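Spelled out, the chains give:
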Amino acid sequence: MDRAEEKLIFAVNGERFELSRVDPSTTLLEFLRCHTRYRGAKLGCGEGGCGACVVLLSKYDPLLEKVEDFTVNSCLTLLCSLQGCSITTTEGLGNSKDGFHPIHQRFAGFHASQCGFCTPGMCMSLFSALVNSEKTPGPDPPPGFSKLTVSEAEKSIVGNLCRCTGYRPIADVCKSFAADVDLEDLGLNNFWRKGENKEKILSRLPFYSHSNEICTFPEFLKREIKSKSLSDFNGYYWYSPASIEELQSLLETEEDGNRVKLVVGNTGVGYYKEQEQYKRYIDLRHIPELSLIRRDRTGIEIGAAVTISKAIQALKEESEGGFHPNGEMIKKIADHMEKVASKPLRNTASLGGNLIMTQRNHFPSDIATVLLAVGSSIIIQTGPERTELTLEEFLERPPCDFKTIITSVRIPSWESVRRFSSETKTKLHFESYRAAPRPLGFALPYLNAAFLAEVSSSKTSVVVESIRLAFGAYGNKYAIRARKVEKLLVGQSLSLNLLFEAIKLLKATVVPEEGTSYPAYRTSLAVGFLFDFLYPMLEAGSTILRGGLNGYMNALPTKLLEFNREYSPVGEPTQKSGAEIQASGEAIYVDDIPSPKDCLHGAFIYSNRPLAQIKDIQFKSPPELYGVVRVISIDDIPEGGENLGSQTMFGTEHLFADDLTQYAGEPLAFVVADTQKHADMAANSAVVDYDTEDLGTPILSVEEAVKRSSFYEVPPYLRPKQIGNFSEGMAEADHKILSAEIKLGSQYHFYMETQTALAVPEEDNCMVVYSSVQCPQITQIVVARCLGVPCHNVRVITRRVGGGFGGKAMKAMPVATACALAAHKLQRPVRIYLNRKTDMIMAGGRHPMKINFSVGFKSSGKITALHLDILINAGISADISPILPLNILGALKKYNWGSLSFDIKICKTNHSSKTAMRAPGDVQGSFIAEAIIEHVASTLSLEVNTVRSKNLHTFESLKLFYDSSAGEALEYTLPSILDKLSASSKFHQRDAEIRQYNSCSKWRKRGISMVPILYEVSLRPTPGKVSVLNDGSIVVEVGGIELGQGLWTKVKQMTAFALSPVKCDTSGDLLERVRVIQADTLSLVQGGMTAGSTTSEASCEVVRICCNELVERLTPLKERLQEKMGPISWNMLILQANLQAVNLSASAYYVPEVTPMRYLNYGAAVSEVEVDLLTGATSILQTDIIYDCGQSLNPAVDMGQLLGSHHYF
Ligand SMILES: Cc1cc2nc3c(=O)[nH]c(=O)nc-3n(C[C@H](O)[C@H](O)[C@H](O)COP(=O)(O)OP(=O)(O)OC[C@H]3O[C@@H](n4cnc5c(N)ncnc54)[C@H](O)[C@@H]3O)c2cc1C
Ligand code: FES
Ligand code: FES
């Protein structure tokens, strides 16, 4: 039924939008990014899980004349739900033209934005915290600060992920706004130098005015709301019923539950993707009854459409002096709810939505578990019939149909203390628990639990009068009560025996369903939680130390950083180039490039079988319904072209499977449709007919690969060399460990910006491809080969990449190539932005491996021989896998193993090809080395550090293991790094303190470890070009790509330094004149790849060579001019150079000489870690790192890289 249209009216950054006929499934993010000029909010996951899309949503209450401001995940918020709302994105705070907001400036100045893809979302979370803090009562903060406290400021970004920066600089930005901050505690920044006085520091910090000059809700919208010209929006298939009756009558007319969707926050889509388009959306938020919160002596009733944030607020208010006699319990419920997802998500997610998802889809809810423990009930309505059920009854019912709605949830009152007689009184105990991969935000629990017990105590006993034990999210359908355990405990006097009986029963109760990950861990968590709840009652004043970081914490050292000014501005911690525009949302990533006219969007259909014939591909519904224009496949590769998706020096990978698919995740076809959403929906709805007959079994393990001799060759020049004689080394040993095994798993790629490309056909059979790739040059070759055209027909442009970590080296190529092929075929621009799921499935990830080792060692701990058998699972194609042996051994040889032999096999299996991921092979090599050292130490009952130092290289043994890479004796700094680190981290003192701590803490244990690291650097040839333009501005091109690692910043610094011999006194800062521009494969050739942590170094060197050339050309002219005219300006010099036909563009190709090409890099870290024995939760309490980077090109950038890598794994 189509209906009379109403207008959807809202504002974005103060700009009025009025829409009709909005597709009701349109999200705010989709609208912002596709239909406005505001591209600041980014798409990271589309699931409410990363915060890249966070914006501020403001609502106006005309009666109270109040504006409510809160963050939301715009990737889940439906546009139609925004009638009369105002949205502020990071562009609304400021920009390069009108001036940046201090949030933008401080993100840049504290070096808190690397690739920058997360930064706009971070800015908005912080901005929301600032806006809301200013509304709180209390005295005004000091000038330049807000009313936030340090702890509130830090928490403001809990809903935002960053993959690059390591959070400390980001937290510093947030803290810099807090009224109670000690600015001197903040880290390295661009505003002041450590040691400067407070006034100076304050004067340098970009000023923040707490009176908030940014209007989050425009006056025109207030006027429209006040004049009642804006009613609840009822639009194109979007309904906003104002009463339950109206809702019921809407539902009555509908027969098919797949056609209608009730929505509140729409966050459920974060987990349960919409497979088909709904015909109607019904917004429940305008039904007053569903939004009520009622509190009285019997309890609290919360309407089903109340958001989790509002419910938390109400519970907190109640706990601070409401009707409820047990404020502490209510507060704990609120505290637990604060661990649900993230703040932006809780701001829109409703209680009812959460509970219905649990009941209908078996969603692992926290809320259901906590509410179950406190005896809550649910009020539901089907047609005119309203029923109140206990939560247990509700959960156990068959799944609610779409006509059944939850109207509210009731939490009953519980007395905290009851007196039964003059001798006995009972006390109520309540606790809730949650163990998840990450303690705050985004991670669903492995298990959650909540317990409520009424206990009477006398001098001699503690008796359980009643108890409710709720467990959920452990791989079962919904939260349950452990009834048998409850029954066992009730009426009993608590004793250790009883506790053990209860635990036995509990183990048989909390049993995850088959296929659940970590089943034993989840059951043991249940035991740990119950133990934690009951044991303190049993032994009041026991020696259990729990809660918080009790014990000591080492204060963060305040270091005076010293910088080398000799090569200024090289070596200075200059601000990252482009950081402010990254924060303000003006920086353009591939998906921010506006779509050219007639642009189409693509999505991959990929295989979900490891080995099968593809018989057919069909769609569930006719593809035209999804706006599909064409399905591109292998048959569309033009004559003369090749079925090529990527290539390395070791081999190639197909773009599409031919008739046979050989791994799950293999692209089968490329759907091209009018929008990205349609392309994704169509690809999702593809049904592939597979046939596995007569194909045999796929190779899915390294063991199977060995059985079938399925290996990749390692070229001779990449084969690491064996050292010494293993048998002789073993003969010298006093002890041996034989055939011990280590297994290392894979790791998904999770750069914040998923793979993306835009291909635009050009005249004369040419193609321009904008790609987020680490190696444009190879992409150019692959695209050209696929299309069967010469490379000069293909221009690949990469400006910046929203995080790569190796995953955008090879794996970006098929994405760019598929777009180019589709664009070539259709002669229309085609773009793609991979959804997170497809990205994770296709990107392959880190190499898993199985290691078997035998090691011989002396009683002193000196290792005399090591043999390794390593099986690497490389997947279906060689990719970069043949370099892994060299990398693994490169890192492993940090110790002197005496003699070292190995057999490394790179197994070809029917998995997606594993690829480069942050230090591929080095990470595993270092892990293997440490595992062996620890194994030896534990066999000998020696301190691990004793074994480590016994096996550290002398310079002689280093040379034996690394040949010429070892360099000079003076360069072997690892032993001194370890000594320095041991002293600066107070390793021995803390080790002793930890032993003391562990001896008196039963359930939390701490450990400290000091680990050295060695990285064998290998420089590659790289091109560069420096040109001085007519006005004296300088433009630089380098082969490397800006991935957030600060390449452009360092290159700018080097340009300014290397041109300084011809700098003129009056010409100001040369640094300001330099711009590094995007990589363009037709402008600068032989760009190679950005990888291996050497691109900045090599790019700076080539730029230095180019600048030297320019200096040589300009110096005679400068001298002549100065002789004639006295001091001259830079502009004059360049003007004259132009007039006198001096070539102002220099290009070079830097080819490293043999000696500096390979060298060793050293570092070491001390980490102190705490493990909670009952929950398995681990926390890193402190890490100290010393890294010998020689002379840093930019300490701020390098520090950022270090912090980021520390948090990466
Ligand atoms: C990234 C992420 C992390 C999360 N983490 C957690 C977590 O740690 N713990 C946890 O417990 N939950 C978690 N959740 C779940 C979250 O709490 C729910 O998505 C949310 O509460 C659903 O509410 P909503 O208003 O957005 O529902 P919607 O998405 O609007 O609706 C969800 C479903 O419920 C139906 N529905 C909504 N209201 C009613 C009603 N009153 N009566 C009948 N049907 C109704 C809708 O038709 C729809 O089918 C997470 C979700 C995401 C996306
Ligand atoms: S939370 Fe919206 S894109 Fe990740
Ligand atoms: S800077 Fe945060 S994800 Fe790159």
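Rules and cut-offs
Residues numbered from 1 in each chain as written. Chains lettered and ligands numbered in written order. Predicted model: local features only at pLDDT ≥ 70, side-chain atom pairs only at ≥ 80, totals over all residues. Heavy atoms only, no water. UniProt positions renumbered as here; feature names shortened; annotations may be inferred. Salt bridge = Lys/Arg side-chain N within 4 Å of Asp/Glu carboxyl O. Helix = DSSP H or I, 4+ residues; strand = E, 2+ residues; numbered from the N terminus. Buried < 20%, exposed > 50% of the residue type's maximum accessible area, 1.4 Å probe, protein only. Phe/Tyr/Trp six-rings, centres within 6.5 Å; stacked < 30°, edge-to-face > 60°. Domains from an automatic or database assignment. Polar contact = N/O pair within 3.5 Å; in protein donor to acceptor, adjacent residues only side chain to side chain. Axes fitted to C-alpha atoms, helices over the stretch in contact; angles between N-to-C directions. Parallel < 35°, antiparallel > 145°, perpendicular 65-115°, else oblique. Left-handed = near helix turned anticlockwise from the far one by under 90°. Contact = heavy atoms within 4.5 Å. Pairing = 2+ DSSP bridges. Near = heavy atom within 4 Å. Areas by Shrake-Rupley, 256 points an atom, 1.4 Å probe, with all protein chains shown as cover. Core = buried A, V, L, I, M, F, W, Y, C linked by side-chain atoms within 4.5 Å. pLDDT = per-residue confidence, 0-100.

If you check an unreviewed UniProt entry, the chain appears there as Indole-3-acetaldehyde oxidase-like from Nelumbo nucifera. As its UniProt record puts it under Sequence similarities (unreviewed entry), the chain is described as follows: "Belongs to the xanthine dehydrogenase family."

S.K.: How would you explain the pattern of salt bridges if you had to name every residue and give the values?
M.R.: For the structure on display, the rule yields 65 salt bridges. Among the salt bridges present, the one from glutamate 934 reaches arginine 948, with a minimum N-O distance of 3.6 Å. Taken as a pair, glutamate 934 in helix H26 (residues 922-940) and arginine 948 in helix H27 (residues 944-950) lie far apart in primary sequence, 14 residues in all. Residue classification places glutamate 934 among the partly exposed residues on the basis of a relative accessible area of 39%. What makes arginine 948 buried here is its relative accessible area of 5%. When salt bridges that share partners are traced, they join Arg33, Lys42, Asp591 and Asp592 into one network.

S.K.: Lay out the packing of aromatic side chains in plain terms, naming residues and giving numbers.
M.R.: Taken as a whole, this structure holds 24 aromatic pairs when the rule is applied. Seen from their ring centres, phenylalanine 177 and tyrosine 208 are 5.3 Å apart, and the 85° between their planes marks the pair as edge-to-face. Remark: tyrosine 208 occurs in the loop between helix H6 (198-204) and helix H7 (219-226) and phenylalanine 177 occurs in the loop between helix H5 (168-175) and H6; sequence separation between them is 31 residues. Of the two residues, phenylalanine 177 and tyrosine 208, both sit in the buried class. On the basis of an interplanar angle of 75° and a centroid distance of 5.1 Å, the ring pair of phenylalanine 531 and tryptophan 1003 is categorised as edge-to-face. Taken together, the residues span a long stretch of sequence, with phenylalanine 531 in helix H17 (residues 519-538) and tryptophan 1003 in the loop between helix H30 (987-1000) and strand E36 (1004-1018) at a distance of 472 residues. Summarising the burial analysis for this pair, phenylalanine 531 and tryptophan 1003 share the class buried.

S.K.: Explain the domain arrangement of the chain to me, using residue names and the numbers behind them.
M.R.: A common way to report how large an interface is uses the accessible area buried once the components associate. Structurally, the chain comprises domain 1 (1-95 + 214-240), domain 2 (102-210), domain 3 (287-417), domain 4 (425-543), domain 5 (955-1016 + 1154-1208) and domain 6 (1022-1151). The C-alpha-based centres of domain 4 and domain 5 are spaced at 40 Å. At the boundary of domain 4 with domain 5, the tally comes to 0 salt bridges. Our count for the domain 4 to domain 5 interface comes out at 1 residue pair in polar contact (both at pLDDT 80 or more). Among the elements that line the side of domain 4 that touches domain 5, the one with the most residues is H17, at 8 residues.

S.K.: Mind laying out the packing of helix H25 (residues 884-892) against H26, listing which residues take part and the relevant values?
M.R.: Where H25 contacts H26, the axes come no closer than 7 Å and their chain directions differ by 40°. Here H25 is positioned oblique relative to H26, judged by the angle of their axes. Note that H25 runs across H26; the crossing there is right-handed. Facing Asn887, Ile888, Ala891 and Leu892 of H25, the residues of H26 in contact are Asp922, Gly925, Ser926, Ile928 and Ala929.

S.K.: Tell me about the sheet that holds strand E35 (residues 899-908), residues and numbers included.
M.R.: Pairing is mixed in the open sheet, where 5 strands are placed in the order E27-E35-E34-E33-E28. For this open sheet the edge positions go to strand E27 (711-712) and strand E28 (735-744), each flanked by a neighbour on one side alone. Sitting on the sheet, H25 touches strand E33 (849-857), strand E34 (863-875) and E35, and the angle it makes with E35 is about 145°.

S.K.: How would you sum up the sheet that holds strand E37 (residues 1022-1028)? Please name residues and give values.
M.R.: Pairing within the open sheet is mixed, and its 4 strands lie in the order E39-E38-E37-E41. Bordering the open sheet on either side are strand E39 (1074-1076) and strand E41 (1145-1150), each of which pairs with just one other strand. Across the sheet, the mean angle separating the axes of adjacent strands is 15° when strand polarity is ignored.

S.K.: Quick rundown of the site of ligand 1? Include the residues and the values.
M.R.: Surveying the vicinity of ligand 1 reveals 34 residues, the closest of which are Leu262, Thr267, Ser350, Asp366 and Arg434. Within the contact set of ligand 1, an oxygen atom lies 3.5 Å away from a backbone nitrogen or oxygen of alanine 341. Contacts to ligand 1 include arginine 434, whose side-chain N or O atom sits 2.7 Å from an oxygen atom. Computed on the free molecule, ligand 1 has an accessible area of 960 Å², of which 96% lies beneath the protein chains in the complex.

S.K.: Go over the nonpolar core with me, naming the residues and quoting the values.
M.R.: Counting 74 residues, the largest nonpolar core has Ile333, Met337, Leu355 and Phe394 as the members making the most contacts within it. Broken down by element, the residue count for this core peaks at 6 residues, all from helix H13 (residues 366-373). Core analysis: the next-biggest nonpolar cluster, separate from the first, contains 67 residues, Leu718, Ala874, Ile1008 and Met1010 among them.

S.K.: Break down the environment of arginine 294 for me, with residues and values.
M.R.: Along the chain, arginine 294 turns up in strand E9 (residues 293-296). Residue arginine 294 is classed as partly exposed on the basis of its relative accessible area, which comes to 43%. Separated by 20 residues in the primary sequence, arginine 294 and alanine 314 have C-alpha atoms spaced 9.6 Å apart. For arginine 294, the contacting residues outside a window of four places in its chain are Gly299, Ile300 and Glu301.

S.K.: Can you lay out the UniProt feature "binding site: [2Fe-2S] cluster 2" (unreviewed entry) in the chain for me, pointing to particular residues and giving the numbers?
M.R.: The UniProt entry lists Cys115, Cys118, Cys162 and Cys164 under the feature "binding site: [2Fe-2S] cluster 2" (unreviewed entry), expressed in the numbering used here. The largest pairwise C-alpha distance within this set of annotated residues, which runs over 50 residues, is 9.4 Å, so the set is compact in three dimensions. By the element assignment, cysteine 118 lies in the loop between helix H2 (102-109) and helix H3 (119-134). Leave out the neighbours within four places in its chain, and cysteine 118 touches Leu161, Cys162 and Met752. In this fold, cysteine 164 is placed in the loop between helix H4 (150-155) and H5. Beyond its immediate sequence surroundings of up to four residues, cysteine 164 is in contact with Gln114, Cys115, Phe805, Gly1200 and Gly1204.

S.K.: So what about the side chain of serine 350? Which residues, and what values?
M.R.: The topology assignment puts serine 350 in the loop between helix H11 (343-346) and helix H12 (351-361). A distance of 3.0 Å separates a polar atom in the side chain of serine 350 from the backbone nitrogen of glycine 353. Setting aside chain neighbours within four positions, we find serine 350 in contact with Val264, Ala304, Ala305, Val306, Thr307 and Ile308.

S.K.: Talk me through the confidence of the model for the chain; I want residue IDs and the actual numbers.
M.R.: In the predicted model, the chain carries a mean pLDDT of 93, and the fraction of residues at 70 or more is 96%. Predicted confidence for residues 541-558 stays below pLDDT 50, and this span has 37 contacts to residues more than four positions away or in other chains.

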